[in-house]
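Residue-level structure breakdown
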Amino acid sequence: MTATLERASAARPVPSKGRAGRRRRNFLTVLGFMSPAIIGFAVFFGYPLIATIYFSFTRYDLINAPEWLGFGNYIRMFTSEPLVGVAVWNTLWLVVILTTCRVVFALGTAMVISRLKSGVGLVRTLCYLPSLAPPVAATITFVFLFNPEFGPINKFLKFLGVDGGLWFSDPEMAKPALTILALWGSGELMIILLAALLDVPQEQYEAAEIDGAGPVRKFFYITLPSISPVLMFGVVNSVIFALQFFTQAVVAGSVASGSAEVAGNAKDIGFPQNSTLTFPVWLYVQGFRYFNMGYAAAMATLLFIVSFAFTALLVRQMRRASHVEEGS
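If you're wondering where the values come from, they're calculated on a predicted model, not measured in any experiment.

Re the overall build of the protein
- A tally of regular secondary structure across the protein gives 14 helices and two strands.
- Classification of the 328 residues of the protein by burial places 34% in the buried group.
- Partitioning the contacts of the protein with sequence separation of at least 6, the portion at a separation of at least 24 is 66%.
- Total accessible area on the protein is roughly 19900 Å²; 68% of this is exposed by carbon and sulfur atoms.

Now the structure itself:
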């Protein structure tokens, strides 16, 4: 009899007011746990983003009240600012060359480590440690290593009978030297790709060997398709890294020009001959040297839109790759 009454009470529909109250309590409980993250996101990301977009339509110098300009800052950026073209070209160069070299170098290093039979932990640690070095200290060290007069790199190349060049003091070699610096610190991406390589099923390689496939065919038909989502993440991550390339360019230009003032004078920014003047560097100069905060906010907004576009591309490609993998 008791069991019958319990089944009858369980089958009885719950009043709509009770369901609404339960949903409200669950919502408030979840909101309470999420409130620190929501407040932090609103204060440290949401408000600065909205303020940046607003100031990008104004003339603002941190002292006087903002003056509304509409699209004046954006029109100036694309029509009457000659150094913007130089900064965009240098940034695009880094996006193409640095991204390609960084992904290929990290993938090659990860493949070598994945095939080691002994000492894997030591080699992996040694390859990852450079990514932990502070960017300023690493850049100063590289400028010293590539010093054209007394740097050990040029001395070693001279011993081999090769002219090392001026490196950070040469407009044609400054960006390649920065690329080498970025490759030296690509251990984080290498670790991610190494994890993806170790996750590839060995049964596929064994089946390919039975079918007579060589290393090249196994790489293109097994390795690349298996790690394609992670590889796409590495590409987009490297593109965003290149779009935001700032610290290394500023420090390298300041140290190579003989000045230790990181904020930079006119002769230091972009040294040599604006070859290291990236888009974020010129943004910094406009905002914190010339105090054109409105114009700098417009540059920051444009940089955010481009970075967001690549992030959206990453999410889309990863979802597509996951759907294809589930369908197969």
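Observations regarding the confidence of the model for the protein
- Looking at the protein as a whole, its pLDDT mean stands at 87, while 90% of the residues score no less than 70.
- Ranking the elements of the protein by mean pLDDT puts helix H1 (residues 2-11) last, at 50, and strand E1 (residues 58-59) first, at 96.

Some thoughts on unusual backbone geometry
- The omega angle of the peptide bond from Phe271 to Pro272 is 0 degrees, so this bond is cis rather than trans.
- Summarising the element assignment, Pro272 is placed in the loop between helix H12 (247-256) and helix H13 (279-288).
- Even without a glycine there, the phi angle at Leu62 is positive, about 75 degrees.
- For Leu62, the location among the structural elements is in the loop between E1 and strand E2 (67-68).
- Positive phi outside glycine occurs at Trp167, with the angle close to 55 degrees.
- With respect to the element layout, Trp167 can be found in the loop between helix H7 (152-159) and helix H8 (174-184).

Concerning the packing of helix H10 (residues 202-210) against helix H11 (residues 215-243)
- Direction vectors running N to C along H10 and H11 enclose 165 degrees, while the axes themselves pass 11 Å from each other. What the angle tells us is that H10 and H11 run roughly antiparallel. Two packed elements cross with a definite hand, and for H10 against H11 that hand is right-handed. Contacts between H10 and H11 involve Gln204, Tyr205, Ala208 and Glu209 from the former and Lys218, Ile222, Thr223 and Ser226 from the latter.

Overview of the environment of Leu49
- As for its position among the elements, Leu49 is in helix H2 (residues 16-55).
- Residues Leu49 and Ala297, spaced 248 residues apart in sequence, show a C-alpha to C-alpha distance of 9.7 Å.

Quick word on the pattern of salt bridges
- This structure, assessed with the given rule, holds three salt bridges.
- Put simply, Arg59 and Glu67 hold a salt bridge, and the shortest N to O gap is 2.9 Å.
- Accessibility expressed as a relative area gives 47% for Arg59, which makes it partly exposed.
- The partner of Glu209 in a salt bridge is Lys218, with the nearest N and O atoms 3.1 Å apart.

A word on the packing of aromatic side chains
- Taken as a whole and assessed by the stated rule, the structure comprises 20 aromatic pairs.
- Consider the rings of Tyr54 and Trp68, whose centres lie 6.2 Å apart with planes at 35 degrees: the pair is tilted. Here Tyr54 is found in helix H2, whereas its partner Trp68 is found in strand E2, with 14 residues between them in sequence.
- For Tyr54, a relative accessible area of 41% corresponds to the partly exposed category.
- Taking the relative accessible area as the measure of exposure, Trp68 reaches 56% and is therefore exposed.
- Residues Phe241 and Phe245 carry aromatic rings whose centres are separated by 5.7 Å and whose planes lie at 85 degrees to one another, so their mutual orientation is edge-to-face.
- By relative accessible area, which is 28% here, Phe241 ends up partly exposed.
- Taken together, the ring pairs connect Tyr54, Phe55, Phe57, Tyr60, Trp68, Phe71 and Tyr74 into an aromatic cluster.
- A cation sits over an aromatic face here: Arg102 above Phe241, 4.9 Å from the ring centre.

Reading the values: the criteria
- Residues numbered from 1 in each chain as written.
- Predicted model: local features only at pLDDT ≥ 70, side-chain atom pairs only at ≥ 80, totals over all residues.
- Heavy atoms only, no water.
- Helix = DSSP H or I, 4+ residues; strand = E, 2+ residues; numbered from the N terminus.
- Buried < 20%, exposed > 50% of the residue type's maximum accessible area, 1.4 Å probe, protein only.
- Contact = heavy atoms within 4.5 Å.
- Areas by Shrake-Rupley, 256 points an atom, 1.4 Å probe, with all protein chains shown as cover.
- pLDDT = per-residue confidence, 0-100.
- Axes fitted to C-alpha atoms, helices over the stretch in contact; angles between N-to-C directions.
- Parallel < 35°, antiparallel > 145°, perpendicular 65-115°, else oblique.
- Left-handed = near helix turned anticlockwise from the far one by under 90°.
- Salt bridge = Lys/Arg side-chain N within 4 Å of Asp/Glu carboxyl O.
- Phe/Tyr/Trp six-rings, centres within 6.5 Å; stacked < 30°, edge-to-face > 60°.
- Lys NZ or Arg CZ within 6 Å of the ring centre and 35° of its normal.

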